[in-house]
Amino acid sequence: MNLLTIIGEAFQALRVNRLRTGLTMLGMIIGVAAVVLMLSIGQGAQIQINNTIASMGSHLLLVLPGATSSGGLRFGSGTVKTLTAGDAQAIAELPSVEAAAPVVSGIAQLNYGANNWSTTITGTTPDYFSVGNWLIESGSIFSEADLRSATRVAVLGKVTAENLFGNEDPTGKTFRIANKPFLVVGVLAAKGQSLSGRDQDDNVLIPLTTAQRQILGNQFPGSIGHMLVQGKSADMMEEAEMEITRLLRQRHRISDRMENDFTVRNLTAIAAVASTTAKVMAWMLGAIASISLLVGGIGIMNIMLVSVTERTREIGIRMAIGASHRAILTQFLLEALMICILGGLTGAVLGIGSAWMISQIVDMPVVITLSMIGLAFAFVAIIGIFFGFYPANKAASLKPVEALRYE
Amino acid sequence: MSDKDLTQNQPLIRVENLCKAYQLEGHANQPICHQVLFDINLEIHSGEFIAIMGQSGSGKSTLMNILGCLDTPTSGNYWLAGRNVAYLSNDELAHVRNHSIGFVFQGFNLLKRMTALDNVATPLLYAGMNRKESRKHALTLLQQTGLGQFTLHYPNQLSGGQQQRVAISRALVNQPQLILADEPTGNLDSQTSHEIMTLFKQLNENQGISIILVTHEDDIASYANRLIRLKDGRIIQDKNKCTR
Ligand SMILES: Nc1ncnc2c1ncn2[C@@H]1O[C@H](COP(=O)(O)OP(=O)(O)OP(=O)(O)O)[C@@H](O)[C@H]1O
Ligand SMILES: [Mg+2]
């Protein structure tokens, strides 16, 4: 019997038991839909995280003041103000370092006309924009000259600009930070959330000197909150970390037996961990969803076994009129496979549909790749063959007389 | 295949010392051996029309199943068209059942979910023909058997006699050398029985198809040319008679 005819026969057999076929198929539909949905959500989340990481700037080191421990007394990093703008300048000179941006920050009240808004004020140097991979949407960033003369100029984050100025273009306008007038020189392009979930676009950037002297009162004059350092390249990160440590120990006159009074963290490494975690999560979601596929497969096997028992007599008749072992095997195997493939198709459509719907509702990137669908299909086919084979082989191995005598 | 070109002197069927026993589960896991056929020796030539008779339980169906390659003997040899079936693989046996033998059962044994036409066409599909071609052949055959207007009926929409005609058409569709009919008229009234028997007689006389028929009724057996009587698994009578 040729394959096309067997497919026809299998289709016929499935059509006779429509309800049963449909219910069995439902197991496959739900399984495949779940796998496709979970993989696409997982990969979407992964892409979101990778975008965030890319927007963060590449090969970054974070230098925080404060020791992790000091003479038996432990402090959290950042608790003591030990870093200065001078440290940042010195670090920027290191061979493995591209640039270093000192940062001070604090919360302040902003006013423009009747609008007011409270947000983070970041005092830094022009290098900060390139190190942090910030793009300007309109206007420009502040200059080295602004830094030297502590000018009252500000670059606004997208969210801050919208909240303070509404639809107006803020560039060239004057607003107040803690009641002191500042000129807006530029607005940053939006970045979205940071890895920790903070809105990076709600901020105001002003020259470091202006912040230190005029906005954020400071108990240690000249000290900075932290420092963002950009390494020369990805494989020079460890070297940079070592050079920074050596330089700072020297500058801070720390004797050999004393611990560091600062902490260097590799942000890029942390981001890589986050990215890997997201990837693992994506696959784990898929793996959990594929359990439902497995359950669906067992459902198929169950129904096929029932079907073989029910149709024992039919099998006997077919053998009596010349069906070979292979013809019977193929027929039952194809029935199982067809349930799988039809269910898989419907499930894939359903999964893609719901993934798309979710992406519309919660505004989250959802990724649907062909390879993902291919994977789900391969899985489904393997399940069909694996769980269909035993019942099919059972049918094909029946003895003709016994099958014919079966009541 | 050498199935169909028989040498003149070679019998279609030769059975030697054929025995069949069933293993039954007895008390205390002691298997009981229940022997159903004892030392059957038989030679049947191409073109014969044979009736097998005997009491219920005498082993007629068991013998028919073995002759039809649906069952295997416990001991003894069976040559079909010169080939010892004991040495045939499962696929070769399926091929023999498909090409050389046509079955007709008491209970018709049609495939319930198929139309009469597709029932008749199915053996051709197993022989490798495509569906369209096989339906064309099946239609011709059904028309010859007088069922031209019932081709699209399902078995449960046909009378017993009509179902048996469909079953006979199905048995004939691959032009077998041998038809095995186990009580083909057992479920039919006498009028229909005689119609069916006339059909068999024509097939035997006009197309030279060998027919082996099991029956309990003398007037059905009288259509045959040779009568074999079984009793308790043994052949007690084997005689040729003149056609009436
Ligand atoms: N599968 C089986 N297992 C055990 N014993 C069996 C089996 N099939 C048949 N028998 C036994 O074999 C014997 C012959 O059975 P068979 O069906 O050949 O009789 P029969 O001559 O066709 O009878 P009937 O005229 O009633 O159809 C019976 O005694 C029966 O009990
Ligand atoms: Mg019988």
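Residues numbered from 1 in each chain as written. Chains lettered and ligands numbered in written order. Predicted model: local features only at pLDDT ≥ 70, side-chain atom pairs only at ≥ 80, totals over all residues. Heavy atoms only, no water.

S.K.: Which residues make up the site of ligand 1, and what values go with them?
M.R.: Around ligand 1, the structure places 15 residues, and the nearest of them are Arg-405 of chain A together with Ser-56, Lys-60, Ser-61 and Thr-62 of chain B. Around ligand 1 the close residues trace back to chains A and B. Arg-405 of chain A places a polar side-chain atom, nitrogen or oxygen, 2.7 Å from a nitrogen atom of ligand 1. Ser-58 of chain B is positioned such that a nitrogen or oxygen atom in its backbone is 3.3 Å from an oxygen atom of ligand 1. Within the complex, the protein chains bury 68% of what would otherwise be the 630 Å² of accessible surface of ligand 1. Of all the secondary-structure elements, those providing two or more residues to the shell around ligand 1 are strand S1 (13-25), strand S2 (31-44) and helix H1 (60-67) of chain B. No other element matches H1 of chain B, which puts 3 residues into the shell around ligand 1. By residue class, the composition of the shell around ligand 1 is 3 nonpolar, 9 polar and 3 charged. (Near = heavy atom within 4 Å. Polar contact = N/O pair within 3.5 Å; in protein donor to acceptor, adjacent residues only side chain to side chain. Areas by Shrake-Rupley, 256 points an atom, 1.4 Å probe, with all protein chains shown as cover. Helix = DSSP H or I, 4+ residues; strand = E, 2+ residues; numbered from the N terminus. Nonpolar A, V, L, I, M, F, W, Y, C, P; charged D, E, K, R; others polar.)

S.K.: Please give an account of the environment of Ala-355 of chain A that cites residues and values.
M.R.: Residues and elements named next belong to chain A. For Ala-355, the location among the structural elements is in helix H11 (residues 325-362). Of the residues examined, Ala-355 reaches a relative accessible area of 0% and is grouped as buried. Each C-alpha atom, one on Ala-355 and one on Leu-39, is 9.5 Å from the other, the two residues being 316 residues apart in sequence. Sequence-distant contacts of Ala-355, that is, excluding residues within four places in its chain, are made with Leu-37, Ser-40, Val-366 and Ile-368. (Buried < 20%, exposed > 50% of the residue type's maximum accessible area, 1.4 Å probe, protein only. Contact = heavy atoms within 4.5 Å.)

S.K.: Provide a residue-level description of the packing of aromatic side chains, including the pertinent values.
M.R.: Counted under the stated rule, the structure contains 6 aromatic pairs over all chains. The interplanar angle of 85° and the centroid separation of 6.3 Å between the aromatic rings of Tyr-128 of chain A and Phe-129 of chain A together place this pair among those described as edge-to-face. A single burial state applies to Tyr-128 of chain A and to Phe-129 of chain A, both of which are buried. Ring plane angle 10° and centroid distance 5.6 Å describe the contact between Phe-103 of chain B and Phe-105 of chain B, whose orientation is recorded as stacked. What makes Phe-103 of chain B buried here is its relative accessible area of 7%. An aromatic cluster is present here, built from Tyr-112, Phe-165 and Phe-175 of chain A joined pairwise through their rings. (Phe/Tyr/Trp six-rings, centres within 6.5 Å; stacked < 30°, edge-to-face > 60°.)

S.K.: Quick rundown of the pairing of strand S5 (residues 153-156) of chain A? Include the residues and the values.
M.R.: Residue and element names in this part refer to chain A. Taking every second residue as pointing to the same face, both faces of S5 are buried, with Val-153 and Val-155 on one and Ala-154 and Leu-156 on the other. Here S5 pairs with strand S7 (residues 180-188) via 4 bridges, running parallel. Considered in S7, the bridge of Val-153 is made with Leu-183. Sheet topology note: the S5/strand S8 (residues 203-207) ladder contains 2 bridges and is antiparallel. By the bridge assignment for S8, Val-155 is matched with Leu-205. (Pairing = 2+ DSSP bridges.)

Distances and angles like these do not, on their own, reveal function.
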